[in-house]
Amino acid sequence: MEEAGGAAGTIRIMSRRMVRPSNWDEPPREDIHLTPWDLRLLSVDYIQKGVLLPVPPAAGDRLVGTLASSLARALGRYYHLAGRLAVDERGDGTVTVRLRCTGEGAELVHATAAGVAVADLTGSVYTPSSVVWALFPLNGVLGADAAVDSLPVLSAQVTELADGVFIGVSLNHSVGDGFVFWEFFNTWSEINQGGGGGGGGISDLSEISARVYRRWFIDASRVPIPLPFSKLQAGRANDEMVGTATATISSLQALLAHLWRAVSRARRLPPGQETTYTLAVGCRGRVCGIPPGYMGNALVPGRASCTVGAILDRGLGWTAWQLNRAVASFDEAAMREWLESWTREPQFRYFGSLMSGGAALMTGSSPRFNVFGNDFGWGKPTAVRSGREGKIDERHGVPRAGAGREHVAGGVHRAGRDEEARCRRRVHGRRREGAAGTTGLIKFEL
């Protein structure tokens, strides 16, 4: 029996199973070719998010059996998430990576943690990272690992706590972004709530199928996109601005500006040091040809950069305006040029590239995701937690109405990890371990 999470909060793995899509008689064996937005995320961890739920009416094998049945029905709609990444060598020193819709299934893990209560995860500002990480499957696994080892692109873990249940999901980031993640999570919970009927607002299967297979490439892009083999081995506030701002500063931008200034002040950064704030800018609705329900990755970074002295001296409004401009400066033509250049010279994303001597902040996810609507049939989530993915220095959850904030602590989570070296060690057959050091990136989740 597998155990994790430390002595006080031991989490025991009771079973593992592979859940195949329901109504899957003969897999079509179709391929989905990955875009530059998808491929560049082969070098990062799986997306890991989960919900903390009340005590369900059933427990043990009965609970897991019900969730497995609804998961199979959800995979019947999003069947690409039951597929596998495949690497093809082209014989010219390059490889291509594709998502094969094989129907092999998604992993479902059943775990118990009798010594962990809901209050242990919600009652303190600081939650031991070892306990939280053990609530998620595929910890420390990169997107490229799934291609090398033929791992599931989707894995879920159901952990029975002393007085509740935690359902955590890990999704290969090269297969989809937060939009895809939460649409699938919402569908799974809705099916389970309806007893597997799949009614009540779930999108029509044919409509979902069309979105699943449609990947957006610029006209000049090669499909599939060849990758240099060595690269794959490596792996891996408005009043203050009256008369100045030309667009309204949102309340979210004002909040993030406050956090940016507070972190810079708390870390006692020198006034002349450069500090950056990176925002994930969604391309759905911004780029011609990308529909609102696009099922691939559709994110670009928007980055604001200035000195610590500037954001502390020039006030909240000026700082918020820098974030506003970072989003407003999105240029579709420049984005298309970047995509075209990426196909000629692929560059993968590493969190280490965001390091800035303790002065880098980042915001991911979106307040538009229906996170707290994931009712599996016995009550809405009381809290949301994220796993090990993306943990660099600290990670905070920006609270919304009725939601507790997240602050997973326990030191520097992936302290100083050299991700390129980590990926390189992986493809040479050795497990990856983080290196000691400091990174200085704080990530805020919405």
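Basis of the calculations
Residues numbered from 1 in each chain as written. Predicted model: local features only at pLDDT ≥ 70, side-chain atom pairs only at ≥ 80, totals over all residues. Heavy atoms only, no water. Helix = DSSP H or I, 4+ residues; strand = E, 2+ residues; numbered from the N terminus. Buried < 20%, exposed > 50% of the residue type's maximum accessible area, 1.4 Å probe, protein only. Axes fitted to C-alpha atoms, helices over the stretch in contact; angles between N-to-C directions. Parallel < 35°, antiparallel > 145°, perpendicular 65-115°, else oblique. Left-handed = near helix turned anticlockwise from the far one by under 90°. Contact = heavy atoms within 4.5 Å. Expected span 1.5 Å × (residues − 1). Nonpolar A, V, L, I, M, F, W, Y, C, P; charged D, E, K, R; others polar. Phe/Tyr/Trp six-rings, centres within 6.5 Å; stacked < 30°, edge-to-face > 60°. Pairing = 2+ DSSP bridges. Core = buried A, V, L, I, M, F, W, Y, C linked by side-chain atoms within 4.5 Å. Salt bridge = Lys/Arg side-chain N within 4 Å of Asp/Glu carboxyl O. pLDDT = per-residue confidence, 0-100.

## Concerning the environment of Leu-361
Inspection of the secondary structure assignment puts Leu-361 in strand E14 (residues 360-364). A residue is classified by how much of its surface remains accessible, and Leu-361, at 2% relative accessible area, is buried. For the pair Leu-361 and Thr-275, spaced 86 residues apart in sequence, the C-alpha to C-alpha distance is 8.1 Å.

## Observations regarding the packing of helix H2 (residues 60-77) against helix H6 (residues 178-193)
Orientation of H2 relative to H6, taken along the N-to-C sense of each, is 130 degrees, at an axis distance of 9 Å. Between H2 and H6, the interaxial angle falls into the category oblique. Crossing of H2 over H6 shows right-handed handedness. Across from Thr-66, Leu-67, Ser-70, Leu-71, Arg-73, Ala-74, Leu-75 and Arg-77 in H2, the residues of H6 making contact are Phe-184, Thr-187, Trp-188, Ile-191 and Asn-192.

## Quick notes on helix H11 (residues 315-328)
Between its terminal C-alpha atoms H11 stretches 20 Å, which fits the 20 Å expected from 14 residues at 1.5 Å a residue. Burial runs high along H11: eleven of the 14 residues are buried. Among the residues of H11, Gly-315, Gly-317, Trp-318, Thr-319, Ala-320, Trp-321, Gln-322, Leu-323, Asn-324, Ala-326 and Val-327 are the ones counted as buried. Lining the buried residues of H11 we find helix H9 (251-266), strand E12 (274-282), strand E13 (299-307) and helix H10 (308-313).

## Some details on the packing of H9 against H11
Contact geometry for H9 and H11: axes closest at 8 Å, N-to-C directions at 115 degrees. In this structure, H9 crosses over H11, and the sense of that crossing is right-handed. Mapping the contact onto sequence places Gln-253, Ala-254, Leu-256, Ala-257, His-258, Trp-260 and Arg-261 in H9 and Gly-315, Leu-316, Thr-319, Ala-320, Gln-322, Leu-323, Asn-324 and Val-327 in H11. Of the residues belonging to the contact of H9 with H11, the class tally is eight nonpolar, six polar and one charged.

## As for unusual backbone geometry
Even without a glycine there, the phi angle at Ser-150 is positive, about 55 degrees. Summarising the element assignment, Ser-150 is placed in the loop between helix H5 (143-149) and strand E9 (154-161). Judged by relative accessible area, Ser-150 falls into the partly exposed class, the value being 40%. The phi dihedral of Arg-268 is positive, around 55 degrees, even though this residue is not glycine. Secondary-structure assignment places Arg-268 in the loop between H9 and E12. Look at Arg-268 and you get exposed, because its relative accessible area is 76%.

## Remarks on the packing of aromatic side chains
Following the criterion strictly, the structure yields ten aromatic pairs and no others. Ring centres of Phe-185 and Trp-188 lie 6.2 Å apart, and the angle between their planes is 40 degrees; this geometry places the pair in the tilted category. Linking Phe-185 with Trp-188, this pair stays in helix H6, spanning three residues, or about one helical turn. Phe-185 sits in the buried class, given a relative accessible area of 1%.

## Side note on the pairing of strand E15 (residues 383-386)
Burial along E15 is two-sided: the residues Ala-383 and Arg-385 and Val-384 and Ser-386 are all buried. Looking at chain direction, strand E4 (residues 47-53) and E15 are connected through four bridges and run antiparallel. The residue bridging Lys-49 from the neighbouring strand is Ser-386, located in E15.

## Brief notes about H9
The terminal C-alpha atoms of H9 lie 22 Å apart, and with 16 residues this matches the ideal 22 Å at 1.5 Å per residue to within 8%. Following H9 by one or two positions, Arg-268 adopts a phi angle in the positive range, close to 55 degrees.

## Considerations on the nonpolar core
Within the largest apolar cluster, 62 residues are counted, with the highest numbers of intra-cluster contacts made by Leu-75, Leu-85, Leu-108, Ile-167, Trp-188, Leu-227 and Phe-376. Apart from residues no more than four positions distant in its own chain, Phe-376 is found in contact with Val-51, Leu-53, Leu-67, Ile-167, Phe-185, Trp-188, Ser-189, Asn-192 and Gln-193. Judged by nonpolar contacts, the second largest core, of 19 residues, contains Trp-260, Val-263, Ala-320 and Trp-321.

## Points about the pattern of salt bridges
Here the structure, examined in full by the defined rule, presents six salt bridges. What you see here is one network of salt bridges that share partners, running through Asp-31, Asp-88 and Arg-98.

## What about the confidence of the model for the protein chain?
Of the residues in the protein chain, 72% reach a pLDDT of 70 or more, and the chain-wide mean stands at 76. The secondary-structure element of the protein chain with the lowest mean pLDDT is strand E17 (residues 407-409), recorded at 34, while E9 shows the highest, at 97. Segment residues 196-203 is flagged for pLDDT under 50; beyond a separation of four residues in sequence, or across chains, it makes 15 contacts in the model. The model gives residues 230-239 a pLDDT under 50, and that stretch makes 38 contacts with residues more than four places away or in other chains.

## Structural notes on the environment of Gln-157
Along the chain, Gln-157 turns up in strand E9. Gln-157 sits 21 residues away from Phe-136 along the chain, and the two C-alpha atoms are 6.0 Å apart.

## As for the side chain of Ser-264
Mapped onto the elements of the fold, Ser-264 is located in helix H9. Accessibility expressed as a relative area gives 1% for Ser-264, which makes it buried. Those residues in contact with Ser-264 that sit more than four places away from it in its chain are Leu-269, Thr-275, Val-308 and Ile-311.

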